[in-house]
Amino acid sequence: MRRHFIYLFMTLMMTTLTSIAQPRISFDVSFKEPQAHYIEVRMEIDNLEEGSVDLKMPVWAPGSYLIREFPKNVEHVFAKAAGSKDLPVKKIDKNTWRVENGAEKKIVVDYRIYAYEVSVRTSYVDESHAFLSPTGVFMFIDGMIDLPSEVEVTPYKGWSKISTGLEPVKGKKNTFYAENFDILFDSPIEVGNQDVFTFNAAGVEHEVAMVGGGNYDAARLKRDMASIVEEATNVFGVNPNKRYVFIVHNYASGGGGLEHLNSTVLGASRFAYSNPDRYNGFLGLVAHEYFHVWNIKRLRPENLGPFNYSAENYTTNLWISEGFTAYYDNLLVRRSGFYDENSYLKMLTNDIEAVENRPGNLVQPLDLASFDAWIKYYRPDENSVNTTVSYYNKGALMGMLLDLKTLHATKGEKRLDDIMQAMYQEYYEKQDRGFTDAEFKEMAEKVAGTSIDDIYDYVNNAKAVDYNKYLGYAGMKLVNQLEGISLPDFGVRLVKNRIVSVSRNSGAWNGGLNVHDELISINGYRIDEDGREMDRILSQTAVGDEVTVLVARDGIMKEFRFTLPENKRADYVIEPVADATKEQIAIRNVWLSVN
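Definitions and cut-offs
Residues numbered from 1 in each chain as written. Predicted model: local features only at pLDDT ≥ 70, side-chain atom pairs only at ≥ 80, totals over all residues. Heavy atoms only, no water. Helix = DSSP H or I, 4+ residues; strand = E, 2+ residues; numbered from the N terminus. Rg over C-alpha atoms; globule rule 2.2 N^0.38 Å. Contact = heavy atoms within 4.5 Å. Areas by Shrake-Rupley, 256 points an atom, 1.4 Å probe, with all protein chains shown as cover. Lys, Arg positive; Asp, Glu negative; His and termini not counted. Charge placed at Lys NZ, Arg CZ, Asp CG, Glu CD. Salt bridge = Lys/Arg side-chain N within 4 Å of Asp/Glu carboxyl O. Buried < 20%, exposed > 50% of the residue type's maximum accessible area, 1.4 Å probe, protein only. Polar contact = N/O pair within 3.5 Å; in protein donor to acceptor, adjacent residues only side chain to side chain. Core = buried A, V, L, I, M, F, W, Y, C linked by side-chain atoms within 4.5 Å. Expected span 1.5 Å × (residues − 1). Phe/Tyr/Trp six-rings, centres within 6.5 Å; stacked < 30°, edge-to-face > 60°. Lys NZ or Arg CZ within 6 Å of the ring centre and 35° of its normal. Pairing = 2+ DSSP bridges. 1 Å grid on protein atoms, 1.4 Å probe; cavity = no way out; pocket = protein on both sides within 12 Å on 5 of 7 lines; lining within 4 Å. Points joined across faces, edges and corners; volume = space filled by probe spheres on them. Nonpolar A, V, L, I, M, F, W, Y, C, P; charged D, E, K, R; others polar. Axes fitted to C-alpha atoms, helices over the stretch in contact; angles between N-to-C directions. Parallel < 35°, antiparallel > 145°, perpendicular 65-115°, else oblique. Left-handed = near helix turned anticlockwise from the far one by under 90°.

When you go through the protein chain residue by residue, the secondary structure sums to 16 helices and 29 strands. Radius of gyration (C-alpha) of the protein chain: 28 Å, near the 25 Å computed for a compact globule of 595 residues. Seen along its three principal axes, the alpha-carbon backbone of the protein chain occupies a region of about 85 × 65 × 50 Å. Sequence separation of at least 24 residues holds for 68% of the intrachain contacts in the protein chain that already meet a minimum separation of 6. When the accessible surface of the protein chain is totalled, it reaches about 26,600 Å², and 49% of it is carbon and sulfur. For the protein chain, the separation between the mean place of its 65 positive charges and that of its 83 negative charges on side chains is 3 Å.

Moving on to the pattern of salt bridges. All chains considered together, the criterion is met by 32 salt bridges. A salt bridge links Asp 110 to Arg 42; the nearest nitrogen and oxygen atoms lie 2.8 Å apart. One end of the pair, Asp 110, is in strand β8 (residues 107–114); the other, Arg 42, is in strand β2 (residues 38–46), with 68 residues separating them in the sequence. Residue classification places Asp 110 among the partly exposed residues on the basis of a relative accessible area of 22%. Judged by relative accessible area, Arg 42 falls into the partly exposed class, the value being 38%.

Looking at the secondary structure, you find Asn 313 in the loop between α4 (276–291) and α5 (318–335). Since its relative accessible area comes to 6%, Asn 313 is described here as buried. Within the structure, Asn 313 has its side chain in polar contact with the backbone oxygen of Ala 311 (distance 2.8 Å).

Here we take up the nonpolar core. Among the nonpolar cores identified, the biggest contains 102 residues, and Met 398, Phe 440 and Trp 591 are the most heavily contacted of them. Per-element accounting of this core gives the leading share, 10 residues, to α5. Every residue in contact with Trp 591, bar those within four places of it in the chain, is listed here: Tyr 327, Leu 331, Leu 345, Leu 348, Met 400, Asp 403, Leu 404, Leu 407, Arg 415, Leu 471, Ala 474 and Met 476. Counting residues in hydrophobic clusters, the runner-up holds 48 residues, among them Phe 27, Val 77, Val 125 and Leu 184.

Turning our attention to α5. Spacing of three or four residues puts side chains on the same side of an α-helix, whose turn is 3.6 residues. When the terminal C-alpha atoms of α5 are compared, their 24 Å separation across 18 residues agrees well with the 26 Å that a helix rising 1.5 Å per residue should span. Counting buried positions along α5 gives 18 out of 18 residues, so the element sits mostly inside the fold. Looking at the residues trailing α5, positive phi occurs at Gly 337, about 90 degrees.

This model, assessed by the stated rule, comprises 43 aromatic pairs. Residues Phe 236 and Trp 294 carry aromatic rings whose centres are separated by 5.0 Å and whose planes lie at 5 degrees to one another, so their mutual orientation is stacked. Within this pair, whereas Phe 236 is found in helix α3 (residues 218–236), its partner Trp 294 is found in the loop between α4 and α5, the two being separated by 58 residues in sequence. According to the relative accessible area criterion, Trp 294 is buried, its value standing at 0%. Chaining the aromatic ring pairs together yields one cluster made of Phe 27, Trp 60, Tyr 65, Phe 138, Phe 140, Phe 181, Phe 185, Phe 307, Tyr 309, Tyr 314, Phe 371 and Trp 374. Across the ring face of Tyr 38, the terminal group of Arg 112 is positioned such that the distance to the ring centre comes to 4.1 Å. The side chain of Lys 441 reaches across the aromatic face of Tyr 456, ending 5.8 Å from its centre.

A few words now on the sheet that holds strand β3 (residues 52–56). Taken together, the four strands give an open sheet; going across it, the order is β6-β7-β3-β11, and neighbouring strands pair in antiparallel fashion. Where the open sheet ends on each side, the last strands, each with one partner, are β6 (89–93) and β11 (140–141). As paired strands, β3 and strand β7 (residues 96–100) are joined by five bridges and run antiparallel to one another. Pairing of Ser 52 across the sheet is with Glu 100, part of β7.

Right, let's get into the layout of surface pockets. Here the largest pocket defines a volume of roughly 1,200 Å³. Around the largest pocket sit 40 residues that line it, and Asn 357, Asp 489, Asn 567, Lys 568 and Arg 569 are the ones nearest its centre. Taken together, the elements giving at least two residues each to the lining of the largest pocket come down to α6 (341–356), β23 (492–495) and β24 (498–502). In terms of residue class, the lining of the largest pocket is built from 18 nonpolar, 11 polar and 11 charged.

What follows deals with the packing of helix α10 (residues 416–430) against helix α11 (residues 437–448). Between α10 and α11, the shortest axis-to-axis distance is 9 Å and the interhelical angle comes to 130 degrees. In terms of their interaxial angle, α10 and α11 are classed as oblique. Seen from above, α10 lies across α11 with right-handed handedness. Note on element contacts: α11 touches α10 through Glu 439, Phe 440, Met 443, Ala 444 and Val 447, opposite Asp 418, Ile 419, Met 420, Ala 422, Met 423, Glu 426 and Tyr 427. Residues belonging to the contact of α10 with α11 are distributed by class as follows: nine nonpolar, no polar and three charged.

As structure tokens, this is what we get:
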């Protein structure tokens, strides 16, 4: 007993000493020249033990799978000791600065960030406001990602508001606390004079920070966004947040979003809120990013956390994390009553057309699309349509197949919601770790009570999907409205008479036309600058016809002759089958239900 007590005492003492010995980190962020798009950062580190310290900045932002090289925006890294003595600073690789502090226990590091890229994943500063995307702003001590930190924000003159998911520090104005750098990097900060309103949904306080003005109705948004939050929470049965922040950047033309642990950043068009379709599209974006509260921020593939912020973090499961989220975004809008049944089914056919009309769908498997996101998805080129498929919309379709198959196998008792909830409970709440692909498949089959090898065959192989097999479970069918209509396939897309893409196996592809060619004439007729004449000329041709095409390639005139193959593109609708059974109709009613 005495030996056990001594052991516990020594363990406690060692833990306490280790805690005391940890460096303490704080930041001060200010804006001396916002009109020039600069952020001033001061990093204070106390309680250093070693004679040098390596400071690193992430090179990518979780949720956006591309190495963006954020350190490229860093200027003038200086370090001083507590007594204002200059300390040597040496950059030792693309995102690491080594400070030689010697015997100094406390140092101050100053640096500037150039911030002038409009996106949900990059920082932006001008005279009106500042948006801080933390992975491109804050440095951390190499190997000490788990250290806590405080961030004090000093707004520029005339700015009065700060919106962030970070916890405020009591007794310190404009100061926030992060338990570790994973949380800091997952907590964007908006500083300025944004319009802020709040609502409560699913027992959680939600703040909405509207930046850039717009014709939105705050009362309507509070009501409708609350409905989306409630429907998303219903899928998982619990909402893990105490507080959540929407930062909405309104532009002349905007879009996109990026998920965070208890916040999100959305891009929107400031005058689109009065357009019914675009308003519902905005709610779909809200639904997508909010669904990430569970799917990816907590329920995640095993390779997506803890993160390596200096290199790629590969996974083959973005079709689940992003694709299923893309399935649920429109579905949550439907469940909230904003889409009628036909409008929702049109959303599904849009995804089907985007996948099946894309030649790359039969080239790149879905799991590889996820793995190669780092080098392909975020770096599209003129040939991407022929070689890649999106893990967003094809992943969404896999979600639809799994939803329908589970409903069928369980006679409407279980669906994809139950699979997602079971995964969340097992791998986040119970085991607090990421899942493997095999573990997801095993859980899905356990809940559905049937094999899903057929769905994984579509994931792991580049092949067309038999949608009617799965839609048939709900007494629905996919109809190609162009079936039996033979149309020629010229196969180019133009911008100001320049070819910007050539479709695989089209006439232009087989005939040798290239991207960057300037299209001069077809069959002797001059093509106008907007390309309208091309459509008129081609409307007079048929499958099997030969066309004569004149282009300018690098200043040299070239003539091509080739025949036009049949266009394989489809125009789909989803409609009920004429003789649906009671069982099929019952499944349809559950699948498309409005809560």
